[in-house]
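# A structural walkthrough
Each chain, written out:
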Amino acid sequence: MKKCPLCQGFVVDGSATFTVDLGEGIVVVRDIPAQVCSQCGEEWLDDSTAAKLENIVESARKKHVTVEVARWSEAVA
Ligand SMILES: [Zn+2]
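Residues numbered from 1 in each chain as written. Predicted model: local features only at pLDDT ≥ 70, side-chain atom pairs only at ≥ 80, totals over all residues. Heavy atoms only, no water.

Any two side chains of opposite charge can pair, so long as their charged atoms come close to each other. One pass over the structure, following the stated rule, counts three salt bridges. In this structure, E58 engages R61 in a salt bridge whose closest nitrogen and oxygen atoms are separated by 3.4 Å. Here the residue E58 and the residue R61 both occupy positions in helix α1 (residues 47-63), the gap between them amounting to three residues, near one helical turn. With relative accessibility at 38%, the residue R61 sits in the partly exposed group. Taking the shortest distance from any N to any O, the salt bridge between E68 and K63 comes out at 3.5 Å. With relative accessibility at 52%, the residue K63 sits in the exposed group. (Salt bridge = Lys/Arg side-chain N within 4 Å of Asp/Glu carboxyl O. Helix = DSSP H or I, 4+ residues; strand = E, 2+ residues; numbered from the N terminus. Buried < 20%, exposed > 50% of the residue type's maximum accessible area, 1.4 Å probe, protein only.)

Glancing now at the coordination of the zinc ion. Protein coordination of the zinc ion is provided by C4 (SG), C7 (SG), C37 (SG) and C40 (SG), with donor distances spanning 2.3 to 2.4 Å. One can describe the site at the zinc ion as tetrahedral: its four donor atoms subtend angles covering 99 to 115° at the metal. Donor residues for the zinc ion sit on one chain with the sequence pattern C-x2-C-x29-C-x2-C. C37 gets classed as buried once you look at its relative accessible area, which sits at 3%. Residue C40 is classed as partly exposed on the basis of its relative accessible area of 41%. (Donors = N, O, S within 2.8 Å, 3.2 Å for Na, K, Ca; no water. Tetrahedral: all angles 85-135°; square planar, octahedral: opposite > 155°, others 65-115°.)

Turning to the pairing of strand β1 (residues 11-21), a few remarks are in order. The pairing of β1 with strand β2 (residues 26-37) spans 10 bridges and is classified as antiparallel. Its bridge partner being in β2, S15 is matched across the sheet by P33. Between β1 and β2, which pair antiparallel one after the other, the connecting turn spans four residues, and G23 there sits at a positive phi close to 95°. (Pairing = 2+ DSSP bridges.)

Next comes the structure, spelled out in structure tokens:
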């Protein structure tokens, strides 16, 4: 089983919430599939997930949102 490089806790499949501050607005994306340390809560995204998250943030930036709260399953659908 994978171990956390920070605290040596176990890393398990879970979900993460990311908040990105765009300066003029904030984007919150919930329920992102992630690997989460069961001990310290550190989260890791795989490359394809990180790329999709980047797209969500970029489209929110273009829309000039003030606050956008997106659910992962809907945002990538
Ligand atoms: Zn940890």
